[in-house]
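Structure assessment
The residues making up each chain are set out below.
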Amino acid sequence: MQRQDHRRTGTGGTMVTNKDVAAIFREMADLLTLEGVAFKPQAYLRAARAITALDEDITAIAERGELEAIAGVGTAIAAKITTIIDEGHLPALDTLRNKQPSGLRDLMKIEGIGPKTARRLSTELGITSIEELETAVDQHRLRRMKGFGAQSEKQIKEGIEALKGRTNRFLLGYILPDAETIEAQLRGHPAVLRVCLAGSIRRRKETIGDVDILVAADDPDAVSAFFCSLPEVQRVLMQGPKRSSVVLAADLHVDLRVVQEEAFGAALQYFTGSKGHNIHLRQRAIERGWKLNEYGLFAREGETLIARTHEEEIYRALDLAFIPPELRENRGEVEAAAAGALPTLIGYDAVKGDLHVHTRWSDGAHTIREMAEAARERGCEYITICDHSAGLAVAHGMTDDRIREQGKEIADLNRDLNDITILHGIEANIDRDGNPDVRKEILRDLDFVVASIHSGFRQTKKEMTERMQTAIHNDHIDMIGHPTGRLIQKREPYALDMDAVFEAAAAANVLMEINAFPSRLDLSDVHCRRARTFGVMIGIGTDAHHTNHLGYLDFGVAVARRGWLEEADILNTRTLAGLRKWLET
DNA sequence: GCCGTTTTCGGCCCGACTGTTTTCAGTCG
């Protein structure tokens, strides 16, 4: 739904975000689909996806007159974007909305109901909302429609229940362990030859809709039956030799695909996606007179096999460098792979220390020693303890005296612990004017100062940007913590001119954090890529409040990889000596 | 509505699974 409360800018224009524009085009697509219009919905969806993936404000692109340079945006959609920016809404969407009951779009959210069924429910039974549909199901009125029986009523009823219980997409960090548990059980089955997570979870997207698992097996039926009877499975949606689908607790859907071992690479490529990436690859295959699908890459005439066993072979055959899954979002990676211009992504084992760790000195669950020993076990060479400052009372922030006491404890521990160094840091609050809430005499003596915004979220974009710039220009601040303040699916980022922030950070040599906590992932992948163009140095921190959180480092690396970052872009890939040297300059 | 090294017109990914209808339409990914 389009928001009604558009923020006003100083010039009196309406402030439209990329998200707003994408939402409008998604609704256009839905409504056109309901009307049975062909192809246009795909065009709008493609534009919506492209706009979502932009690393720049669409208003800026529009001002430069470069809207049509966006892949999937042509004359008509560019004109519509301009209208949205100028008027704050799209008359063409309003027209479409008036043509059919508003509830039909909701009906399509129910599993098993697509545009055709939604239309028929409306025209044949007068059902235009989920509530009405529920009543109709209970009264067994659905089976009056041709092609509907008791089974379809049951499915729709279950679909309604699932929709009601459904919250949001799942956070990668919380779902990956569950997915890996299923993966491990499949790996233990005697008929399973290969198994790999696919889909958005393999691409390490920040949120996951459902889990895709790919298996190569010599007895597909046995593997499907095994999968559908796993203890975690609450409901089986479908079960077949090539594809099965189940629901786990919390309404997490897991899809299993079973393929022949020889075609595993083609299937893995296909089921890893993204959709946009695959379409791009397929077009590339078509240009060569070939065909790419989940069974392999074929020369069209005679179905001659070109590649299928390993993903690498498929990319190579299409004259592309291998594209890591994290980059497969159709954000220019195919062009870069063709030109030999892909980045050498930072590796998952490249980070040498955690830059953002909490302890019992503020709101963490463990002592400094416990956190340090746990980090050491994970292979960290150093950690920076960054407990909250006094300004954050809810987190038992530290007063000046306690900060000094903590410093003594860290000095003692460093004498006592081998193979890991503890740096004494702090997470200070940035006040409304952009100043840290800790005296400079204290900050001066610390090894590492993270500064974050924890209050005053509702300032205007101009105020917030200036506030951040002031913080960046403060001599004692080393890193801006969770720079945009977003909480995935819970809280929008602060209103910030990120380009201005990045420019300031690069000039002042201040780190921007990738906060690796699963609900933050802040900076985001898109912001990382943008930051890199400004030459911003990035630091990865877990924001761990528990030893169990130290493993989140991998999710921070995943964001960096999705943001096209290389090892050199991340400060804490350096050794302790390298880190200290950078901090001194 | 977008797009272009077979193109400015005529394509647009396509295969698996389900329910119900006995041959396939609808949905999904």
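Predicted, not measured: the structure shown is a model, and the values here were computed from it.

Further remarks concern the overall build of chain A. The number of helices and strands found in chain A is 24 helices and 17 strands. For 585 residues, the compact-globule estimate of 2.2 N^0.38 gives 25 Å, and the C-alpha radius of gyration of chain A, at 26 Å, lies within 12% of that figure. Dimensions of chain A along its principal axes, counting C-alpha atoms only, are 80 × 65 × 50 Å. Residues classed as buried in chain A amount to 54% of the 585 residues present. Contacts in chain A between residues far apart in sequence, at least 24 positions, make up 66% of those at least 6 positions apart.

The subject of this paragraph is the sheet that holds strand β9 (residues 296-299). Strand order in this open sheet of three strands is β8-β9-β10, and the pairing throughout is antiparallel. Pairing within the sheet leaves two strands with one partner each, and these edge strands are β8 (290-293) and β10 (304-307). Each adjacent strand pair in this sheet contributes to an overall mean axis angle of 30°, direction not counted. Strand direction decides the pairing type here: β9 and β10, joined by three bridges, are antiparallel. Across the sheet, the residue bridging to Phe298 is Leu305, located in β10.

The assigned domain composition of chain A is domain 1 (18-99), domain 2 (104-165), domain 3 (170-259), domain 4 (270-338) and domain 5 (353-584). Taking only C-alpha atoms, the centre of domain 1 and the centre of domain 3 are 35 Å apart.

This paragraph deals with the protein's contact with DNA strand B. Taken together, the neighbourhood of DNA strand B is formed by 43 residues, with Gly74, Thr117, Gly149, Arg243 and Tyr295 sitting nearest. When the atoms of DNA strand B within 4 Å of the protein are sorted by group, sugar and phosphate make up 78%. In the model, a phosphate oxygen of DNA strand B is placed 2.9 Å from a nitrogen or oxygen of the Gln239 main chain. Elements that contribute at least two residues to the surface near DNA strand B include exactly α2 (40-53), α4 (75-87), α7 (115-125), α9 (150-165), β5 (235-239), β7 (253-259) and α14 (275-287).

Before going further, it helps to spend a moment on helix α22 (residues 525-533). Two residues of an α-helix separated by three or four positions point the same way, owing to the 3.6 residues in each turn. Buried residues of α22: Asp525, Val526, Cys528, Arg530 and Ala531, and no others. Taken together, the buried residues of α22 touch α2, α21 (498-508), β16 (511-515), β17 (538-541) and α23 (553-562). Two residues or fewer past α22, Gly535 is found with a positive phi of approximately 80°.

It is worth spelling out the packing of aromatic side chains at this point. Taken as a whole and judged by the stated rule, the model has seven aromatic pairs. Arranged with centres 5.0 Å apart and planes meeting at 85°, the rings of Tyr270 and Phe271 form a pair that is edge-to-face. Residue Tyr270 is classed as partly exposed on the basis of its relative accessible area, which comes to 28%. Between Phe502 and Phe534, the ring centres sit 6.1 Å apart and the planes meet at 50°, which makes this aromatic pair tilted. Note that Phe502 is positioned in helix α21 and Phe534 in the loop between α22 and β17, a separation of 32 residues in sequence. Taking the relative accessible area as the measure of exposure, Phe534 reaches 24% and is therefore partly exposed.

Time to look at the pairing of β17. Residues Ile538 and Ile540 of β17 are buried on one face, and the alternating residues Gly539 and Gly541, pointing to the opposite face, are buried as well. Pairing between β16 and β17: four bridges, direction parallel. Note that in β17 the partner of Asn515 across the bridge is Gly541. One crossover worth recording links β16 to the parallel β17 by way of α22, and it is right-handed.

When helix α8 (residues 130-138) is considered as a whole, its buried residues turn out to be Ile130, Leu133, Glu134, Ala136 and Val137. Buried residues of α8, viewed axially, fall in a sector of 165°; they line one side. Trailing α8 by a residue or two, His140 shows a phi angle of about 55°, which is positive.

With respect to the helices and strands, His366 occurs in the loop between β11 (353-357) and α17 (368-377). Here Glu370 takes part through its side chain, which lies 3.2 Å from a polar atom of the side chain of His366.

For the rest of this paragraph, the subject is the sheet that holds β7. The mixed open sheet is built from five strands, whose spatial order is β2-β4-β7-β6-β5. The open sheet has two edge strands, β2 (192-198) and β5, and neither has a second partner. Between one strand axis and the next, the sheet turns by 20° as a mean value, whatever way the strands run. Lying over the sheet, helix α10 (residues 172-187) contacts β2, β4 (211-217) and β7, oriented at roughly 170° with respect to β2.

Once that is clear, we can look at a negative patch on the surface. A contiguous patch of negative charge, built from Asp218, Asp219, Asp221, Glu261 and Glu262, is present on the exposed surface. With respect to the helices, strands and loops of the structure, Asp219 is situated in the loop between β4 and α12 (220-228). Residue classification places Asp219 among the partly exposed residues on the basis of a relative accessible area of 35%.

The next point concerns the pairing of β5. Where β5 meets strand β6 (residues 243-247), four bridges bridge the pair, whose relative direction is antiparallel. The residue bridging Arg235 from the neighbouring strand is Val247, located in β6. Linking β5 to β6, which pair antiparallel, is a turn of three residues.

Applying the stated rule across the entire model yields 36 salt bridges. The salt bridge involving Arg97 is made with Glu27; its shortest N-O contact spans 2.8 Å. Placement of the pair is Arg97 in helix α5 (residues 91-99) and Glu27 in helix α1 (residues 18-34), with a sequence separation of 70 residues. Arg97 sits in the partly exposed class, given a relative accessible area of 26%. Take Glu27: its relative accessible area is 5%, and that puts it in the buried class.

Trans peptide bonds make up most of the peptide bonds, and negative phi angles are found at most residues other than glycine. Residues Gly273 and Ser274 are joined by a peptide bond in cis, for which omega reads -5°. Looking at the element boundaries, Ser274 is found in the loop between α13 (264-272) and α14. That bond from Asp522 to Leu523 is cis: its omega, 10°, falls within 30 degrees of zero. Turning to its location among the elements, Leu523 is positioned in the loop between β16 and α22. The phi dihedral of Asp419 falls on the positive side, at around 65°, and the residue is not glycine. On the secondary structure map, Asp419 appears in the loop between α18 (400-416) and β13 (421-429). Classification of Asp419 as exposed rests on a relative accessible area of 68%. Located in the positive-phi region is Leu521, a residue other than glycine, with phi close to 40°. Counting through the fold element by element, Leu521 comes out in the loop between β16 and α22. Taking the relative accessible area as the measure of exposure, Leu521 reaches 4% and is therefore buried.

Conventions adopted
Residues numbered from 1 in each chain as written. Chains lettered and ligands numbered in written order. Predicted model: local features only at pLDDT ≥ 70, side-chain atom pairs only at ≥ 80, totals over all residues. Heavy atoms only, no water. Helix = DSSP H or I, 4+ residues; strand = E, 2+ residues; numbered from the N terminus. Rg over C-alpha atoms; globule rule 2.2 N^0.38 Å. Buried < 20%, exposed > 50% of the residue type's maximum accessible area, 1.4 Å probe, protein only. Contact = heavy atoms within 4.5 Å. Pairing = 2+ DSSP bridges. Axes fitted to C-alpha atoms, helices over the stretch in contact; angles between N-to-C directions. Domains from an automatic or database assignment. Near = heavy atom within 4 Å. Polar contact = N/O pair within 3.5 Å; in protein donor to acceptor, adjacent residues only side chain to side chain. Phe/Tyr/Trp six-rings, centres within 6.5 Å; stacked < 30°, edge-to-face > 60°. Right-handed = clockwise from strand over helix to strand, strands pointing away. Arc of directions from axis to C-beta. Patch = residues over 30% accessible without salt bridge, like charges linked within 9 Å, V, L, I, M, F, W, Y side chains within 5 Å. Areas by Shrake-Rupley, 256 points an atom, 1.4 Å probe, with all protein chains shown as cover. Salt bridge = Lys/Arg side-chain N within 4 Å of Asp/Glu carboxyl O. Lys, Arg positive; Asp, Glu negative; His and termini not counted. Charge placed at Lys NZ, Arg CZ, Asp CG, Glu CD.

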